[in-house]
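Report on the structure
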Amino acid sequence: MSKRDNLYLVGLMGAGKTTVGRLLARHYGCTFYDSDHEIEARTGVKIPVIFEIEGEAGFRKREEAVIAELTALSGIVLATGGGAVLSPANREHLRANGLVIYLRGSPEQLCERTRNDRNRPLLQTGNPLAKLRELYQQRDPIYRELADVTVDTARQSVAGMTRVLYGKLDLLKGEATSLDPAG
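Worth saying up front: this structure is predicted, and the values here are computed from it rather than measured. (Residues numbered from 1 in each chain as written. Predicted model: local features only at pLDDT ≥ 70, side-chain atom pairs only at ≥ 80, totals over all residues. Heavy atoms only, no water.)

1. Notes on the pairing of strand β2 (residues 31-34)
The alternating pattern of β2 places Phe32 and Asp34 on a buried face, while none of Thr31 and Tyr33, on the opposite face, is buried. The pairing of β2 with strand β3 (residues 76-79) spans four bridges and is parallel. Opposite Asp34, over in β3, you have Ala79 as the bridge partner. (Buried < 20%, exposed > 50% of the residue type's maximum accessible area, 1.4 Å probe, protein only. Helix = DSSP H or I, 4+ residues; strand = E, 2+ residues; numbered from the N terminus. Pairing = 2+ DSSP bridges.)

Written out as structure tokens, the structure reads:
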């Protein structure tokens, strides 16, 4: 399996990983996965329920298992949960088995996008913007270090962002790989 067979999206919640991931999968003819959706499908409950029952540590353990399994596959696009990069094991799986794309958005922009979403346990606080700023400060250096490609989500539409990504990815993957829709 070539590292270029898989694309993994990282970034804070609300950055657009699932939306962009679906478009990338369609464009490159890959199977799309979202690690949070996989966890929910396997447990039969929503992420907030897992956080409530098992805490963040229990959720992260489940996330590690799912990411280890999915990164062993070939020909996939994977949208990871925002905190997946906190695990050294997850970072190693992502780094070793695919190209990592960091969708970077400002805490202010992400707060606006997620303000009505009740399925994000870490933002169920009195000051979601402060929490997003804290998460950004903690995770941005990790995302940057891990990423093969970084795209700023603030200045463009999803269509514009995916066009930029196609160009960057095509340059990265070189002439002919399994991600090349022309063969």
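2. Let's talk about the nonpolar core
Across soluble globular proteins, you tend to see nonpolar side chains buried next to one another. Counting residues in each nonpolar core, the largest one holds 46 residues, and the members touching the most others are Leu24, Ile101, Leu103, Leu165 and Leu169. When residues of this core are assigned to their parent elements, the largest contribution, seven residues, is made by helix α3 (residues 47-70). Every residue in contact with Ile101, bar those within four places of it in the chain, is listed here: Leu7, Tyr8, Leu9, Val10, Leu24, Val149, Leu165 and Leu169. (Core = buried A, V, L, I, M, F, W, Y, C linked by side-chain atoms within 4.5 Å. Contact = heavy atoms within 4.5 Å.)

3. Observations concerning the side chain of Asn97
Within the secondary structure, Asn97 sits in helix α4 (residues 88-97). Polar contacts involving the side chain of Asn97 include one to the main-chain carbonyl oxygen of His93, which spans 2.9 Å. (Polar contact = N/O pair within 3.5 Å; in protein donor to acceptor, adjacent residues only side chain to side chain.)

4. Some thoughts on the packing of α4 against helix α6 (residues 128-146)
Contact geometry of α4 with α6 gives a least axis separation of 11 Å together with a crossing angle of 25°. In terms of orientation, α4 lies roughly parallel with respect to α6. Remark: the crossing between α4 and α6 carries right-handed chirality. Touching Arg91, Leu94 and Arg95 of α4 are Ile142, Glu145 and Leu146, all from α6. Looking at the contact of α4 with α6, its residues break down into three nonpolar, no polar and three charged. (Axes fitted to C-alpha atoms, helices over the stretch in contact; angles between N-to-C directions. Parallel < 35°, antiparallel > 145°, perpendicular 65-115°, else oblique. Left-handed = near helix turned anticlockwise from the far one by under 90°. Nonpolar A, V, L, I, M, F, W, Y, C, P; charged D, E, K, R; others polar.)

5. Considering the sheet that holds strand β1 (residues 7-10)
Strand order in the open sheet formed by five strands is β2-β3-β1-β4-β5, and the pairing between neighbours is parallel. Two strands lie at the open edges of the sheet, namely β2 and β5 (149-152), each paired on one side alone. Adjacent strand axes in the sheet meet at a mean angle of 20° when their direction is disregarded. Sitting on the sheet, α6 touches β1 and β4 (99-104), and the angle it makes with β4 is about 145°.

From the geometry alone we can't say anything about function, so treat these as descriptive.
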